[in-house]
Amino acid sequence: MRILATFDAKDYHDTVGVYEKYSVRGIIMREGKLAMQCSREGEYKIPGGGMEKGENRIQALIREVKEETGLYIIEDEIEELGEIIELRRDIFEPTKKFICHSLFYYCRTEPGRQDELKLTASEIAKGYELKWVTPEEIYRRNILIEKDPWIIRDTAFVKMLMDGSVQLPRMNDIL
């Protein structure tokens, strides 16, 4: 998968181990708006997450998007967009360097089919809900509150969509 960006906090100089994680992110667009998780504070996060034991990337993508948005991805129409790599000191184990590979996929969903959200306890606590928002609205809001690494990562990805360095396939079908 093509590397879109690397964010390196360079705060792990005295670490002795490495924790490496792969996560998947679903980019879903309808009528010029992206499907996003929106917190009570108004921060926007691209739906997705980590793989569970025994899952491959596509299975994880389908499960995570369904849990966080209720939307059903059409598996045969998933397309790779690129990867963002994050390097920093692990917040849970400070003796380790954390390497996060976020794999972004363009997803088409089944029209008119949507379930209730199945959020984690932390997502419920943050008040996440599905919102359809233009890339410009996401960028304007997130740039004001870039406090968490995942918001910085997702805001950077949205900016890449806006500036054309990442292009969604079949744009004529979705705008």
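Use the structure listed above.
Let us look at the structure shown here. These numbers were taken from a predicted model, which means no experiment stands behind them. (Residues numbered from 1 in each chain as written. Predicted model: local features only at pLDDT ≥ 70, side-chain atom pairs only at ≥ 80, totals over all residues. Heavy atoms only, no water.)

Here the focus is unusual backbone geometry. Look at lysine 10: it is not a glycine, yet its phi comes out positive at around 55°. If you trace the backbone, lysine 10 turns up in the loop between strand 1 (3–8) and strand 2 (17–27). According to the relative accessible area criterion, lysine 10 is exposed, its value standing at 63%. For glutamate 31, which is not glycine, the phi torsion reads 50° and is therefore positive. (Helix = DSSP H or I, 4+ residues; strand = E, 2+ residues; numbered from the N terminus. Buried < 20%, exposed > 50% of the residue type's maximum accessible area, 1.4 Å probe, protein only.)

With that out of the way, let us pick up the packing of aromatic side chains. Using the criterion set out here, one finds 2 aromatic pairs in the structure. Ring centres 4.2 Å apart and planes at 5° place the aromatic pair phenylalanine 104 and phenylalanine 157 in the stacked group. Placement of the pair is phenylalanine 104 in strand 9 (residues 96–106) and phenylalanine 157 in helix 4 (residues 149–163), with a sequence separation of 53 residues. For phenylalanine 104, a relative accessible area of 0% corresponds to the buried category. Overall, phenylalanine 157 belongs to the buried group, its relative accessible area being 0%. Positioned over the ring face of tyrosine 128 is lysine 45, at 5.6 Å from the centre of the ring. In this structure, lysine 159 packs its charged tip against the face of tyrosine 139, placed 5.6 Å from the ring centre. (Phe/Tyr/Trp six-rings, centres within 6.5 Å; stacked < 30°, edge-to-face > 60°. Lys NZ or Arg CZ within 6 Å of the ring centre and 35° of its normal.)

For the rest of this paragraph, the subject is the pattern of salt bridges. Within the structure shown, the criterion is met by 18 salt bridges. Put simply, aspartate 14 and arginine 89 hold a salt bridge, and the shortest N to O gap is 2.3 Å. Residue aspartate 14 is found in the loop between strand 1 and strand 2, and its partner arginine 89 is found in strand 8 (residues 79–89); the two are separated by 75 residues along the sequence. For arginine 89, a relative accessible area of 22% puts it in the partly exposed group. Residue glutamate 64 is joined to arginine 63 by a salt bridge in which the shortest nitrogen-to-oxygen separation is 3.1 Å. In this structure arginine 63 comes out as buried when scored by relative accessible area, which is 15%. Linked through salt bridges whose partners overlap, the residues forming this network are Glu41, Glu43, Lys126, Lys147 and Asp148. (Salt bridge = Lys/Arg side-chain N within 4 Å of Asp/Glu carboxyl O.)

Tracing the backbone through its elements, the reader meets lysine 97 in strand 9. No salt bridge is formed by the buried lysine 97; the nearest opposite charge belongs to aspartate 8, separated by 6.1 Å. Every residue in contact with lysine 97, bar those within four places of it in the chain, is listed here: Tyr12, Thr15, Gly17, Val18, Tyr19, Leu87 and Arg88. (Lys, Arg positive; Asp, Glu negative; His and termini not counted. Contact = heavy atoms within 4.5 Å.)

Read from one edge of the open sheet, 5 strands run 1-8-9-2-6, paired in mixed fashion. Pairing within the sheet leaves two strands with one partner each, and these edge strands are strand 1 and strand 6 (48–50). The mean angle between the axes of side-by-side strands here comes to 20°, regardless of whether they run parallel or antiparallel. Here strand 8 pairs with strand 9 via 10 bridges, running antiparallel. (Pairing = 2+ DSSP bridges. Axes fitted to C-alpha atoms, helices over the stretch in contact; angles between N-to-C directions.)

Moving on: the packing of helix 3 (residues 135–142) against helix 4. Contact geometry for helix 3 and helix 4: axes closest at 9 Å, N-to-C directions at 140°. Remark: the crossing between helix 3 and helix 4 carries left-handed chirality. Contacts between helix 3 and helix 4 involve Pro135, Glu136, Ile138, Tyr139 and Asn142 from the first element and Ile151, Thr155, Val158, Lys159 and Met162 from the second. Among the residues making up the contact of helix 3 with helix 4, the classes are represented as 6 nonpolar, 2 polar and 2 charged. (Left-handed = near helix turned anticlockwise from the far one by under 90°. Nonpolar A, V, L, I, M, F, W, Y, C, P; charged D, E, K, R; others polar.)

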